[in-house]
Amino acid sequence: MSETLSPNIVKARSGLAKRLTGSDAIIIYILVAVIIVSMISVKFFASTLTVGFLSIQVIPILLIAMPMALVIISGEIDLSVASIAGLTSAVMGVLWRDSGWDIGIVILVSVLVGVVCGVFNGFLITTLGLPSLAVTIGTLALYRGLALVVIGDQKVANFPKELNTFVLSKIGATGIPVVMIFVVIIIAFFAVLLHFTPFGRGLYALGFSKEAATFVGIRVGQAKFWLFVGTGVVSSIVGVFLTLRLASAGPDNGTGMELSVIAAVLLGGVSIFGGKGSIPGVVGGVLLIGVLTYSLRLAKVPETALIIVTGSLLVLSVVAPSIVSWARERLRLARVHRVVQQTSSSGSPHA
Amino acid sequence: MELFSRKSRGGRRAATVAAVAVSVALLATGCAAGGSTDGGTDSAGGGGDNTMAFLPKQLNNPYTDVVLGGGEDGAKEAGFTSQVLGPLEASASAQIPFIEQATQEGSKVIVIAANDPDAVGPSLQTAREAGAKIVAFDSDTNPDYRDIFISQVVAKDVALIQLEIISEQIGGAGDIAILSATATATNQNEWIKYMEEELASNPDYKDIKLVAKVYGDDDADKSFQETQGLLSSYPDLKGIISPTTVGIAAAAKYLSTSDYKGKVALTGLGLPNEMREFVKDGTVKEFALWDPAQLGYVAAFAGKALVDGTITGAEGDTFDAGDLGEITVGEGGVAIVGPPTRFNADNIDDYDF
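Residues numbered from 1 in each chain as written. Chains lettered and ligands numbered in written order. Predicted model: local features only at pLDDT ≥ 70, side-chain atom pairs only at ≥ 80, totals over all residues.

What about the sheet that holds strand β13 (residues 334–336) of chain B?
Residues and elements named next belong to chain B.
Turning to step 1, where the next piece is worked out: Within the open sheet, the 6 strands sit side by side as β2-β1-β3-β4-β5-β13. Their pairing is parallel. Looking at the sheet topology across the chains shown, the edges are occupied by β2 (81–84) and β13. Strand-to-strand, the axes of this sheet are offset by a mean angle of 20°, without reference to chain direction.
Turning to step 2, where the next piece is worked out: Judged from the 4 bridges that link them, strand β1 (residues 51–55) and strand β3 (residues 109–112) form a sheet pairing that is parallel. Bridge pairing links Ala53 to Ile110 in β3. (Pairing = 2+ DSSP bridges. Helix = DSSP H or I, 4+ residues; strand = E, 2+ residues; numbered from the N terminus. Axes fitted to C-alpha atoms, helices over the stretch in contact; angles between N-to-C directions.)

This is the structure in structure tokens:
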């Protein structure tokens, strides 16, 4: 009796208390703690320069982490994101050099690259039913290869100066880059999509069980297809951003970024098995890795040791929930055991 | 009811313990990091606010380590405290966070070997606006983004020194051959072109005849076989020039075990560590290469001159480079470190690269 009741009651008292002790809240507490410790103990950290440099550094990862969180929550993965960004950069460079179009049109066409790449991923995964891990490992290499074919080992660097300066410009004296406004809009879009629409809530069901999701009326194939188009488009936007930020289009832009994105998403409390995670947690995860790396570099921690720190953090973030649930299960079993003993000892005389 | 509240308390306790553990770990790393910063500040105290940041293409590269060693010596002599900041992989954008870090720390000079001449541009621009002087070395950035570029050597000097050495060793007369890298190698072909021009025009070399050019493709085995082939097809060969480190080492290896040892002269561009045994056993008398440490050394002094305002990086500016004397800035803000260094039995043990 007690066993069947307990989940309902736990859920009933969730609300605010749960939100304040949940895993995404913990990430944000840790983030705040790291920021405070850094401001006190790391020389040069407490400055508006930090805000500017740090924001520009995390923007690419922050942006791709949004659709990536949705993809992983629905139980899939997309490893081709960094290659899509590279291919976009290459296409943008060649178009700007050879087509003579206006930069606005060049950027629009470049973002279409992401749509096409995403559609191709989505087609292979949903229509042909192939596993996303295998498909996107393939397209990771394929898109990067195409980038090399498109632009070769060349670089295109003569983009309009105004656009380069715009990308790096700050809002007044705050040090916050102007492009951050745009980033916040994208974050808000994905937060609303995941947490406040039937489509988004359906993704959790999808991550738990594909069959169950189909039964409750979620169009599994269609949902997944659009998720991959989503990662494609956002990766392309990041490709454009990187190109303008570096003032240089090349085939190697964004190399290796897919792993940083996935690491940050997992650190933000998204389960690699799907069905669990939230946008605030992911934003916290991205910022935590970004701030920690930035602060440790300023504190003169050698680059080699730095990888160890971020790596351990990631392992910890994956292991910690398992330890917590293991501990919970132990406590629950012990209690059930005790209750059973109590009821049997107190119940027997009456019977 | 009591049962349920106890249960949730237990769960929350576990979560709290985990959270506290993570925070403690992070605070510990934060504090440790803070401690090392203090250490850094102490040592910086001696040099005042004169800080110089070296940004190599990537860390943990043996050649780069020699360049940076020279840079740190130069910075010290010039009265600067220096630090090395760099990525573990040599990708275009990987250097940017380090340029930003140097900017934030208020480095007076940023000495950079650019992985991509343009991608580092916007960040260097920001650093300049914050007051830093930019010295490019080893690999140039777009000239818009730096004050001066320190280049190792002039191609023509590299070609001529090898001819000089071979001419000294064969007594200014006889047949010579060249063992190069690949047939399309840009550097080697440029040097060979200068050598051929010099042989044709300089009366000192009128008795020297270039009889063959062979290509070992910078592959040790192929270079070894090409050397063997050269010596059997040209029995009168007096000397071999190999303007590539792989080629000269392979040729020396062949000569050292053959009858030609000490009879056929060998020179070219070699690494002291690879050539040491062949110089010691008499196979090779003398060879050349630039000393990478000098590159860093001169870059440090160029940074000092820029900060002091004695130069702006314009053509014709001259600055003092410590032990290496005075250096003049050439066209396009490029300064050349100097002629290549000759390595022989007397000095080879002074070098480790």
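Continuing now.
A closer look at the domain arrangement of chain B
Turning to step 1, where the next piece is worked out: The domain boundaries assigned to chain B delineate domain 1 (51–153 + 292–338) and domain 2 (155–289).
Turning to step 2, where the next piece is worked out: The C-alpha centroid of domain 2 of chain B is placed 34 Å from the C-alpha centroid of domain 1 of chain B. (Domains from an automatic or database assignment.)

Section: the packing of helix α5 (residues 81–98) of chain A against helix α6 (residues 103–127) of chain A
Residue and element names in this part refer to chain A.
Turning to step 1, where the next piece is worked out: Put simply, α5 and α6 touch, their axes get as near as 9 Å, and they point 145° apart. Here α5 runs over α6; the crossing is right-handed. Every residue of α6 that contacts α5 at Ile84, Leu87, Thr88, Val91, Met92, Leu95 and Trp96 is listed here: Ile103, Val106, Ile107, Val109, Ser110, Val113, Gly114 and Cys117.
Turning to step 2, where the next piece is worked out: Residues that form the contact of α5 with α6 fall into these classes: 12 nonpolar, 3 polar and no charged. (Left-handed = near helix turned anticlockwise from the far one by under 90°. Contact = placed C-beta atoms within 7 Å. Nonpolar A, V, L, I, M, F, W, Y, C, P; charged D, E, K, R; others polar.)

What about the sheet that holds strand β8 (residues 237–242) of chain B?
All names here are of chain B.
Turning to step 1, where the next piece is worked out: The parallel open sheet is built from 4 strands, whose spatial order is β7-β6-β8-β9. Every other strand in the sheet has two partners, leaving β7 (208–215) and β9 (265–268) as the edge strands with one partner each. Each strand axis lies, on average, 25° off the axis of its neighbour in the sheet, ignoring direction.
Turning to step 2, where the next piece is worked out: Relative to β7, strand β6 (residues 174–180) is paired through 7 bridges, and the arrangement is parallel. Among the inter-strand pairings, Ile178 is bridged to a residue of β7, identified as Lys213.

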